[in-house]
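Residue strings, one per chain:
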Amino acid sequence: MEKSIESVQSEGRSFAADPAFAARARVRSLAEYEALYARASQNPDEFWAERAGELAWERPWDAVCEGDFPPGPRWFVGGRLNATVSCLDRHLSTWRRNKAALIWEGEPGDARTLTYHELHREVCRAANALAALGVKTGDRVGIYLPMVPELAIAVLACARLGATHSVVFGGFSADALRDRMNDAGAVCVITADGGYRRGKVVPLKQAVDEALREKGGSPTVKKVLVVRRTGEAVAMSEGRDLWWHDLVARQSSSFAPVAVDSEHPLFILYTSGTTGKPKGVVHSTGGYLTHVAYSTQLVFDLRDEDTFFCTADIGWVTGHSYVIYGPLANGATTVMYEGAPDTPEPDRLWRIIDRLGVTVFYTAPTAIRAFMRWGDQWPARCSLASLRLLGTVGEPINPEAWMWYRRTIGKEHCPIVDTWWQTETGGILIAPLPGATPQKPGSCTRPLPGIHPEVVRRDGTPCVANEGGYLVVKRPWPSLLRTVWGDPARFEKSYFGEIKGVYFTGDGARCDGDGYFWVMGRVDDVINVAGHRLGTAEVESALVAHPWVAEAAVVGRPDELKGQALVAFVTLRGGRTPADGDAVMLAAHVVKEIGAIARPDEIRFSDALPKTRSGKIMRRLLKEIAACGHAEGDITTLEDLNVLAKLSMSSDEE
Ligand code: WTA
């Protein structure tokens, strides 16, 4: 992938902002962007106060920013607000009252549109229902739902009440759900009888039952609220489980928003780190919402006529920030689609774009590569004429996919915003401003005003142009995670322990002579598989939890479609010889422990793993073997050369 980035760059391809687009954009030229950037750098407090001032506050802040990292400053100190007032209430006194806030389409083809007025009423009802279940401000609520309107409603109902939501992606297993609920100490879980995915029903309620019943269950969870989506029969436990349609429908449609402190945790979202245990990334209310509202406005150049379609599931941070909070805080129309992009046929998303008149479309490079593979005939059947802007997120985009996206979907006139950010950063940090920044395929271009990234060496000194190094952020911004839930030491160590005085992203990058960032991917043991973030250690601990497995090492190998594929090297206990079917069985075991997104693409058995003399597994060698069949680099610290010979041999045989 990297080679092609180089080749495109050396050709010097750069796409200036479309003049017709620029003429109407919020930021219309590179000079205007640079002026804004300079102003934000010179007077950050004033700049961020202006951004925060665009939200609705119940009490203004006393100080914009107090403290520095680590452990990170507090933002809008003393201010109080409720996120749903900015996202809903304040639009009700304007013409937007009857504007579509949420347009939803189910996989079977059913649809529902909620205006701001209607969404507000539903959120209030759901908040009353949660309160009736005993949920209080400060409690944690687990949400394990398919992409149905009730997911957005549930998220906002928690925020209305000042309860911290923790959404768990519906593709995670019962075991993964239990771990997250227990770590967060959730008092309640909101789920559904099922969700649709490629015509099949995903049995979410069954997974919740298993999570609450097996392996010690989740003792803090007292209530389960169940949305009826599929009509499948599900077990309802008396006194614990309640139907959403029973409870929510009979509640009052007004609920006074609970104003919380600016630093109050709006949500916890679990993401993969370098150990077997996922990190509960904690986001604040005031700082998070400020940056998410601002970045949505600037990067997507959002205007009132837009119909904004972000394809991410709300189970991931992209769904939190750019399906719910960012668009709604801007009074935009946001689109939510429940199912798979190829159901019933591979033109599903293009049909949605035509049917709804989508103007801004935001998806992942993995999806774009799948669209390319499915063939141009699918988008060709649709007009796509409503589109004016395209975006990507989640992994580096190879220039070929970028060019296809521009040509086939954007019809050569839509700018593409390649947006770099992370669960931890809350919102987009590096991306072109579509009316201002010339785009180079494969580069997320330049930082947003107020954001100060840099590529540095291990010792923290800055790299020169085009020298590869670590991507860090030098100055605080409002939507940085506040802590790792229940583990402040891990927070400090992961993000501030490696390189002093800056936020460490875990990504490798280089910055070219024009100040454009080229993100290469993770430098830690986190991999992006099909745009989903996984820790190799998580998959390893799932594997070694199986009684037959003695040791496991999991690495990523480049994959044309998914960006990275998962390869597991496994040694079995007591010299057991691997039998036919063992790999399939172990893969199923990982799916049970984590979920289908973590299913290894390949499992290789070996009687030993390459280790250093001090006993550390040499992952670099395994990566090379996974990618090209043999180890090419330095092997001088390897303990046992025979191991390498055997591993390389076993891969040559394939
Ligand atoms: C990667 C997703 C290159 C990066 C919002 C980061 C990207 C990780 C880009 C975060 C991009 C995200 N170009 N790489 N435009 N966007 N990444 O937490 O490695 O799921 O550290 O957040 O995705 O993944 P996460």
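Here's a quick rundown of the structure. (Residues numbered from 1 in each chain as written. Predicted model: local features only at pLDDT ≥ 70, side-chain atom pairs only at ≥ 80, totals over all residues. Heavy atoms only, no water.)

Quick look at the sheet that holds strand β29 (residues 563–572) now. With mixed pairing, three strands are arranged side by side in an open sheet as β28-β29-β30. The open sheet has two edge strands, β28 (549–559) and β30 (602–605), and neither has a second partner. Here the average twist between neighbouring strands, direction ignored, is 25°. Taken together, the 10 bridges between β28 and β29 define a ladder with antiparallel strand orientation. Bridge assignment links Val549 to a residue of β29, and that residue is Leu572. Across the face of the sheet, helix α20 (residues 619–628) comes into contact with β28, β29 and β30 while running at roughly 55° to β28. (Pairing = 2+ DSSP bridges. Helix = DSSP H or I, 4+ residues; strand = E, 2+ residues; numbered from the N terminus. Axes fitted to C-alpha atoms, helices over the stretch in contact; angles between N-to-C directions. Contact = heavy atoms within 4.5 Å.)

Attention now moves to the nonpolar core. In terms of nonpolar packing, the biggest core is built from 118 residues, with Ile143, Ile190, Phe300 and Tyr325 touching the most fellow members. Those residues in contact with Ile190, other than ones at most four positions away along the chain, are Leu130, Val141, Gly142, Ile143, Tyr144, Leu145, Ala154, Leu225 and Trp244. Core analysis: the next-biggest nonpolar cluster, separate from the first, contains 40 residues, Val529, Ala552, Val554 and Ala587 among them. (Core = buried A, V, L, I, M, F, W, Y, C linked by side-chain atoms within 4.5 Å. Buried < 20%, exposed > 50% of the residue type's maximum accessible area, 1.4 Å probe, protein only.)

With that out of the way, let us pick up the site of the ligand. Taken together, the neighbourhood of the ligand is formed by 17 residues, with Asp418, Thr419, Thr423, Asp507 and Arg533 sitting nearest. Pro396 places a main-chain nitrogen or oxygen 3.4 Å from a nitrogen atom of the ligand. Here a nitrogen atom of the ligand and a side-chain polar atom of Asp418 are 2.7 Å apart. Taken by itself the ligand offers 530 Å² of open surface, and the protein chains cover 96% of this. Sorting the residues of the shell around the ligand by element identifies α12 (317–329), β20 (416–419) and β25 (517–522) as the ones contributing at least two each. The residue makeup of the shell around the ligand, split by class, is six nonpolar, six polar and five charged. (Near = heavy atom within 4 Å. Polar contact = N/O pair within 3.5 Å; in protein donor to acceptor, adjacent residues only side chain to side chain. Areas by Shrake-Rupley, 256 points an atom, 1.4 Å probe, with all protein chains shown as cover. Nonpolar A, V, L, I, M, F, W, Y, C, P; charged D, E, K, R; others polar.)

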